[in-house]
Amino acid sequence: MTGFFQNLGMSYEWAWFVSTICGILLIALPLMLAVAMIIYVDRKIWASMALRRGPNVVGPFGLLQSFADGLKVFLQETIVPSAANKGLFLIAPIVTFTLALLSWAVIPFNSGAILADINIGLLYILAISSLGVYGTIMAGWASNSKYPFFSAMRASAQMISYEVSIGFILICVVLWAGTFNINDIVWAQKGHVFGIINGFVANPLLFPMWVMFLISSLAETQRAPFDLTEAESELVAGYQTEYSSMAFAAYWLGEYANVLLMCALNATLFWGGWLPPLDIPVLYLVPGFVWFLLKVFFFFFVFSWIKATVPRYRYDQLMRLGWKVFLPVSLLFVVIVSGYLMATGHFQ
Amino acid sequence: MIQTIAFYLFAVLTIASAAATILSRNPVHSVLFLILAFFNAAGLMVLTGAEFIAMLLVIVYVGAVAVLFLFVVMMLDIDFAELRAGFVKNFPLGMLVAVVLLAEMVLGIGAYKAGALDLGTPDGTAATPAGASNVEAIGGLMYSRYLFLFEAAGLILLVAMVGAIVLTHRQRSGTRGQKISKQNARRPDEATVNVKPEVGKGVSL
């Protein structure tokens, strides 16, 4: 895109600047729209699993429900509790929302359709997702209220615990792909199994890693069955209890943008990203971003399906799963995968 | 142009947030400013071409160490009056530490200027081997030339970890923890029993 703006007669630096801004807008605006629609989809899926109708009043089939909700919270008054730490209280939702958007810079939507094609894309995602916990902690502390604080403590412990095993799972993928660049990781999955199936998930050594990654990404985004941070029956609404108006909306948007990001990561790292499922020339006629979006949507359906059907974990069970099951198993798989790759001479 | 702007942005923010870390009265604000300082330092590292180290800084320090730090500071009940009362008493010690740090900094910069250390080029850009990415270059060095140092560092960390676990682990008697494997292994025939008590007699379990 930089070249296009250079052709319009700009200097390289200005062209780079303008094209980067355009790239950010091209990702962020559709993402916000997607988040609004995906909230609607989420509610529809839960509704149909609970034999209800779900949102069906605003617009055709209730399609405009999220926009109506958005308008409603926009018009509400922003309430800052008098005992709250005002600065942090207002910064916290901004942090959450910004971090939720930042990771999308390195997600490839199609071959080469990526905002920042950097060598360390996967590490960048790990770094940004490890920052995500601050929005929650700051909100919990700055609210100066019991329930948000409990929630913040739960959230930080939970996210740190599951990031460890996510790190090991990603190392297995990186070992097999031989690169941290996400676009190259997608290319490495082309014809991965029998030369015809695209995707690491069909690999017997990486399939268990994908299952663990799916579960860990549920825990990382605090979705059911790991939604202990906003367990309604115990913590009112968790760290968002004291928030109202747009600050509350920023949390919602950030949360769903994170969920979509995790779906995109599942699709990109294990299911071949923008590659079609099978390495057959006919399937390449469909543009890559269609495959990518289909996969993301599929994983989002899995996320809502789980939320609609699975009861919440208890806190000690959550910690047990993270530290006593996922951590040793993922560590074992790092050893097995690297041993297999060394034995078969994959690195030559 | 854009590098210069980015450099001054990161550098000014690093120094400002480092100053705010020691100047702010609220310890939670201090930790948050420290995190901002880490983050901007990572930005400076990206500018010098050490993107791998920058990401590790964010993942390890910002993502893990500082979270625990913040956690502890939030739970502490700090008495500010008491803290300020100790200022005069601790002032000489603090000055001593500051002088030692200053001397180390001067020595370090002096050694770097003298060119005794093979760290990089003096203009600030790191000399990565041509054709290798940051990760590969560091990996190549770490697993060949510095293998034993690397393994020694790993052993030290392992010992520290075992030590921490030994220190904090205690066997408590009388607790009724959940043993999930035991629960899963339970079958109906061992969990339930059918009895037919006689009239007027109870059942003992």
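Since the model is a prediction, treat every value here as computed from it, not as a measurement. (Residues numbered from 1 in each chain as written. Chains lettered and ligands numbered in written order. Predicted model: local features only at pLDDT ≥ 70, side-chain atom pairs only at ≥ 80, totals over all residues. Heavy atoms only, no water.)

Student: What is the right way to read the UniProt feature "transmembrane region" (unreviewed entry) in chain B from this model?
Tutor: Residues and elements named next belong to chain B. The UniProt record annotates "transmembrane region" (unreviewed entry) at residues 6–23, 30–47, 53–78, 90–112 and 146–167. Annotated as 100% helix and 0% strand, the span residues 30–47 places its first and last C-alpha atoms 26 Å apart. In residues 90–112, the share of helix is 100% and the share of strand is 0%. The end C-alpha atoms are 33 Å apart. (UniProt positions renumbered as here; feature names shortened; annotations may be inferred. Helix = DSSP H or I, 4+ residues; strand = E, 2+ residues; numbered from the N terminus.)

Student: What's the story with the interface of chain A and chain B in this structure? I'm lost.
Tutor: How big an interface is tends to be reported as the loss of accessible area on association of its parts. Listed by partner, the interface residues are 26 residues for chain A and 26 residues for chain B. For the pairing of chain A and chain B, the buried interface totals around 2300 Å² over both sides, and the portion due to carbon and sulfur atoms is 79%. Looking only at chain A, the three residues that lose the most surface to chain B are Ile120(A), Tyr134(A) and Trp141(A), adding up to 23% of its buried area. For the pair chain A and chain B, the number of links is zero salt bridges. One can count three residue pairs in polar contact (both at pLDDT 80 or more) joining chain A with chain B. Counting residues per element, the ones that place at least two in the side of chain A that touches chain B are helix 2 (12–49), helix 5 (121–131), helix 6 (133–142), helix 7 (146–177) and helix 13 (315–343) of chain A. Examining the composition of the side of chain A that touches chain B, we find that six residues originate from one element, helix 5 of chain A, more than from any other. A class-by-class count of the residues in the side of chain A that touches chain B yields 17 nonpolar, five polar and four charged. (Contact = heavy atoms within 4.5 Å. Buried area = accessible area lost by both parts, 1.4 Å probe. Salt bridge = Lys/Arg side-chain N within 4 Å of Asp/Glu carboxyl O. Polar contact = N/O pair within 3.5 Å; in protein donor to acceptor, adjacent residues only side chain to side chain. Nonpolar A, V, L, I, M, F, W, Y, C, P; charged D, E, K, R; others polar.)

Student: What am I meant to see in the UniProt feature "transmembrane region" (unreviewed entry) in chain A here?
Tutor: All names here are of chain A. Those places that UniProt annotates as "transmembrane region" (unreviewed entry) correspond, in this numbering, to residues 14–41, 88–109, 121–141, 162–182, 194–215, 256–276, 282–305 and 325–343. The span residues 14–41 is 100% helix and 0% strand, and its two end C-alpha atoms sit 40 Å from each other. What you have in residues 121–141 is 95% helix and 0% strand, and the ends, taken at the C-alpha atoms, are 32 Å apart.

Student: Please clarify how the nonpolar core should be interpreted in this entry.
Tutor: Most often, soluble globular proteins keep nonpolar side chains buried together rather than apart. Within the largest apolar cluster, 115 residues are counted, with the highest numbers of intra-cluster contacts made by Tyr134(A), Phe213(A) and Phe270(A). Looking at this core element by element, the count peaks at 14 residues for helix 11 (residues 245–270) of chain A. Excluding residues that lie within four positions of it along the chain, Tyr134(A) makes contacts with Ile35(B), Val62(B), Ala66(B), Val67(B) and Leu70(B). (Core = buried A, V, L, I, M, F, W, Y, C linked by side-chain atoms within 4.5 Å. Buried < 20%, exposed > 50% of the residue type's maximum accessible area, 1.4 Å probe, protein only.)

Student: Is there a simple way to explain the confidence of the model for chain B in this structure?
Tutor: Note that predicted coordinates carrying low pLDDT should not be read in detail. Scored by pLDDT, chain B comes out at a mean of 82, with 87% of its residues at no less than 70. Here helix 4 (residues 80–85) of chain B stands out as the least confident element of chain B, with mean pLDDT 66; helix 7 (residues 147–168) of chain B is the most confident, with 92. (pLDDT = per-residue confidence, 0-100.)

Student: In this structure, what is going on with the packing of helix 7 of chain A against helix 9 (residues 207–220) of chain A? I would like to understand it.
Tutor: Angle between the axes and distance between the axes: these two values describe a pair of packed helices. Residue and element names in this part refer to chain A. Between helix 7 and helix 9, whose axes approach to 9 Å, the crossing angle comes to 150°. In this view, helix 7 runs roughly antiparallel relative to helix 9, as classed from their interaxial angle. Here helix 7 and helix 9 pass one another in a crossing that is left-handed. Contact with helix 7, carried on its side by Gln-158, Met-159, Tyr-162, Glu-163, Ser-165, Ile-166, Ile-169, Leu-170 and Cys-172, involves Met-209, Met-212, Phe-213, Ser-216, Ala-219 and Glu-220 of helix 9 and no other residues of that element. Across the contact of helix 7 with helix 9, the residue classes break down as ten nonpolar, three polar and two charged. (Axes fitted to C-alpha atoms, helices over the stretch in contact; angles between N-to-C directions. Parallel < 35°, antiparallel > 145°, perpendicular 65-115°, else oblique. Left-handed = near helix turned anticlockwise from the far one by under 90°.)

Student: Quick question: what am I supposed to make of the packing of aromatic side chains here?
Tutor: What characterises a pair of aromatic rings is the spacing of the ring centres plus the angle enclosed by the ring planes. Residue and element names in this part refer to chain A. The final tally for this structure, using the stated rule, is 24 aromatic pairs over all chains. An angle of 80° between the planes, with centres 5.5 Å apart, marks the rings of Phe-109 and Phe-292 as edge-to-face. Taken together, the positions of Phe-109 in the loop between helix 4 (86–102) and helix 5 and Phe-292 in helix 12 (residues 288–309) put the pair 183 residues apart, joining distant regions of the chain. Geometrically, the ring pair formed by Trp-271 and Phe-299 is edge-to-face, given 5.7 Å between the ring centres and 80° between the ring planes. Highlighted residues: Trp-271 in the loop between helix 11 and helix 12 and Phe-299 in helix 12, separated in sequence by 28 residues. Taken together, the ring pairs in this structure connect Phe-207, Trp-210, Trp-271, Phe-298 and Phe-299 into an aromatic cluster. (Phe/Tyr/Trp six-rings, centres within 6.5 Å; stacked < 30°, edge-to-face > 60°.)

Student: How should I be thinking about the pattern of salt bridges in this particular structure?
Tutor: When the charged atoms of two side chains with opposite charge come close together, those side chains can pair. Residues and elements named next belong to chain A. Applying the stated criterion to the full structure yields five salt bridges over all chains. Taking the shortest distance from any N to any O, the salt bridge between Asp-42 and Arg-223 comes out at 3.1 Å. Highlighted residues: Asp-42 in helix 2 and Arg-223 in the loop between helix 9 and helix 10 (232–235), separated in sequence by 181 residues. We note that Asp-42, like Arg-223, is buried.

Student: Quick question: what am I supposed to make of the environment of Val174(A) here?
Tutor: Residue and element names in this part refer to chain A. The residue Val-174 is located in helix 7 in this model. By relative accessible area, Val-174 is classed as buried at 13%. It is 21 Å that separates the C-alpha atoms of Val-174 and Ile-160, two residues lying 14 residues apart in sequence. Discounting residues that sit within four places of it in the chain, Val-174 has contacts with Leu-122, Thr-179 and Phe-180.

Student: I keep staring at the packing of helix 6 of chain A against helix 3 (residues 51–75) of chain B and nothing clicks. Help me out?
Tutor: It is the contact of helix 6 of chain A with helix 3 of chain B, at a shortest axis distance of 11 Å, that shows an interaxial angle of 10°. What the angle tells us is that helix 6 of chain A and helix 3 of chain B run roughly parallel. Of the residues in helix 3 of chain B, those touching helix 6 of chain A at Val133(A), Tyr134(A), Ile137(A) and Trp141(A) are Val62(B), Ala66(B), Val67(B), Leu70(B) and Met74(B). Taken together, the residues of the contact of helix 6 of chain A with helix 3 of chain B break down into nine nonpolar, no polar and no charged.

Student: Even after reading the chapter, I still don't get unusual backbone geometry, so can you show me in this structure?
Tutor: Peptide bonds are mostly trans, and most non-glycine residues show a negative phi. All names here are of chain A. Positive phi, normally seen in glycine, also occurs at Leu-51, with a value near 55°. Among the secondary structure elements, Leu-51 is positioned in the loop between helix 2 and helix 3 (65–75). Even without being glycine, Gln-222 reaches a positive phi, approximately 55°. Tracing the backbone through its elements, the reader meets Gln-222 in the loop between helix 9 and helix 10. Given a relative accessible area of 6%, Gln-222 falls into the buried group.

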